[in-house]
Amino acid sequence: KAGVTQTPRYLIKTRGQQVTLSCSPISGHRSVSWYQQTPGQGLQFLFEYFSETQRNKGNFPGRFSGRQFSNSRSEMNVSTLELGDSALYLCASSLAVTGGDSDTQYFGPGTRLTVL
Amino acid sequence: AQSVAQPEDQVNVAEGNPLTVKCTYSVSGNPYLFWYVQYPNRGLQFLLKYITGDNLVKGSYGFEAEFNKSQTSFHLKKPSALVSDSALYFCAVRVFNQAGTALIFGKGTTLSVSS
């Protein structure tokens, strides 16, 4: 079974631009979560989606948004990019949102975003 | 506040020796605990998890972890380290609220195994 895929793998943008990142979960997985990884702040939770609904959101400004489609694929968007948005953005999928043995999150390779 | 701590930024061990990567947690309720490993320029790979049951959890690549409720710890162990185990290791706890869930990660521990 194919793992979580993320596109593109690398992006270079300039301040003020916006960017859209894409994530395709493991087949059959209905939940998608996004995380930001930076050297200074480590891994931080951005959002969680289940059945096209945002179920949870981390402590990030409104410039960060996302959505999930009916096929469980997800996108996240960052508008008005800032230098501090440079990071590795990781997507993870799991079978279900509620607690239980099925709730392991499996991660994609990430998208490396550089803001100049 | 719910949190995870990895007290060591780096752990150095010789190949063939046992290794331990430490993790402590602070959560309300029963903890759902995870270990992930990250190789350079890669995403996180799942190693093992503790949900309930036996305190000793066995995972991928010969790793295991011991859940200790009284010490609120979930240390990752391996009896005999390999050079290929050198990577960045993250401990995480799954937290739940009325809306959904999220993983809270520790800062990570770099494991360096020398030959």
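Relevant structure appears above.
A quick note: this is a predicted structure, and the numbers were derived from the prediction, not measured.

Rules of the game
Residues numbered from 1 in each chain as written. Chains lettered and ligands numbered in written order. Predicted model: local features only at pLDDT ≥ 70, side-chain atom pairs only at ≥ 80, totals over all residues. Heavy atoms only, no water. Helix = DSSP H or I, 4+ residues; strand = E, 2+ residues; numbered from the N terminus. Rg over C-alpha atoms; globule rule 2.2 N^0.38 Å. Buried < 20%, exposed > 50% of the residue type's maximum accessible area, 1.4 Å probe, protein only. Contact = heavy atoms within 4.5 Å. Lys, Arg positive; Asp, Glu negative; His and termini not counted. Charge placed at Lys NZ, Arg CZ, Asp CG, Glu CD. Areas by Shrake-Rupley, 256 points an atom, 1.4 Å probe, with all protein chains shown as cover. Buried area = accessible area lost by both parts, 1.4 Å probe. Salt bridge = Lys/Arg side-chain N within 4 Å of Asp/Glu carboxyl O. Polar contact = N/O pair within 3.5 Å; in protein donor to acceptor, adjacent residues only side chain to side chain. Pairing = 2+ DSSP bridges. Axes fitted to C-alpha atoms, helices over the stretch in contact; angles between N-to-C directions.

### As for the overall build of chain A
When helices and strands are tallied, chain A shows zero helices and 11 strands. Put simply, chain A runs from its N terminus to its C terminus through helices and strands in the order β-β-β-β-β-β-β-β-β-β-β. Relative to the 2.2 N^0.38 estimate, which gives 13 Å for 116 residues, the radius of gyration of chain A is 14 Å and therefore close to what a compact globule would have. In terms of principal-axis extent, the alpha carbons of chain A reach across some 40 × 25 × 25 Å. Within chain A, buried positions represent 51% of all 116 residues. Across chain A, the fraction of contacts at a sequence separation of at least 24, relative to all contacts at a separation of at least 6, is 54%. Of the charged side chains in chain A, 11 are positive and 7 negative, and the gap between their average positions amounts to 7 Å.

### Side note on the overall build of chain B
The secondary structure content of chain B amounts to zero helices and 12 strands. Along its sequence from the N terminus, chain B presents helices and strands in the succession β-β-β-β-β-β-β-β-β-β-β-β. A globule of 115 residues ought to have a C-alpha radius of gyration of about 13 Å, and chain B, at 14 Å, matches this closely. The dimensions of chain B, computed from C-alpha atoms along their principal axes, are 50 × 30 × 25 Å. For chain B, long-range pairs separated by at least 24 residues make up 54% of all intrachain contacts whose partners lie at least 6 apart in sequence. Only carbon and sulfur atoms are counted for the fraction: they give 48% of the accessible area of chain B, which is about 5500 Å².

### Overview of the interface of chain A and chain B
Counting residues at the interface gives 27 residues for chain A and 22 residues for chain B. Roughly 1900 Å² is buried in total at the junction of chain A and chain B, and carbon and sulfur atoms are behind 47% of that figure. Our count for the chain A to chain B interface comes out at zero salt bridges. On the surface where chain A and chain B come into contact, there are seven residue pairs in polar contact (both at pLDDT 80 or more). Secondary structure elements with two or more residues in the side of chain A that touches chain B: strand S4 (31-38), strand S5 (42-50), strand S6 (53-57), strand S9 (87-94) and strand S10 (106-107) of chain A. The element contributing the most residues to the side of chain A that touches chain B is S5(A), with four residues.

### Topic: the sheet that holds strand S8 (residues 74-78) of chain A
In a beta sheet, neighbouring strands pair by backbone hydrogen bonds and run either parallel or antiparallel. Residue and element names in this part refer to chain A. A sheet is described by the order of its strands in space; here four strands give the open sequence S1-S3-S8-S7, paired in antiparallel fashion. The two strands at the open ends of the sheet, each matched to only one other strand, are strand S1 (5-7) and strand S7 (64-68). Averaged over all pairs of adjacent strands, the angle between strand axes in this sheet comes to 20°, irrespective of strand direction. Bridging between S7 and S8 involves five bridges; their strand directions are antiparallel. Paired with Phe64 across the strands is Val78, a residue of S8.

### A word on the pairing of strand S10 (residues 87-96) of chain B
Residue and element names in this part refer to chain B. For S10, a buried count of eight out of 10 residues is recorded, marking the element as mostly surrounded by other parts of the structure. Bridge analysis of strand S5 (residues 32-38) against S10 gives seven bridges, and the strand direction is antiparallel. Directly across from Tyr36, in S10, lies its bridge partner Phe90. Across three bridges, S10 lies against strand S12 (residues 109-114) in antiparallel orientation. Residue Ala87 lies in a different strand from S12, and its bridge partner there is Leu111. In the sheet, S10 pairs with strand S11 (residues 101-105) via five bridges, with the strands oriented antiparallel. Looking across to S11, one finds that Ala92 is bridged to Phe105.

### Quick word on the pattern of salt bridges
Residues and elements named next belong to chain A. Tallying each qualifying case throughout the model produces seven salt bridges over all chains. Residues Asp85 and Arg63 are paired through a salt bridge, measuring 2.8 Å at the closest nitrogen-oxygen approach. Here the residue Asp85 occupies a position in the loop between S8 and S9, and Arg63 occupies one in the loop between S6 and S7, the gap between them amounting to 22 residues. Assessed through its relative accessible area of 4%, Asp85 is described here as buried. For the salt bridge of Glu75 with Arg73, the shortest nitrogen-to-oxygen distance reads 3.4 Å. Given the relative accessible area of 16%, Glu75 is considered buried. Each of Arg63, Glu82 and Asp85 takes part in a single network of salt bridges with overlapping partners.

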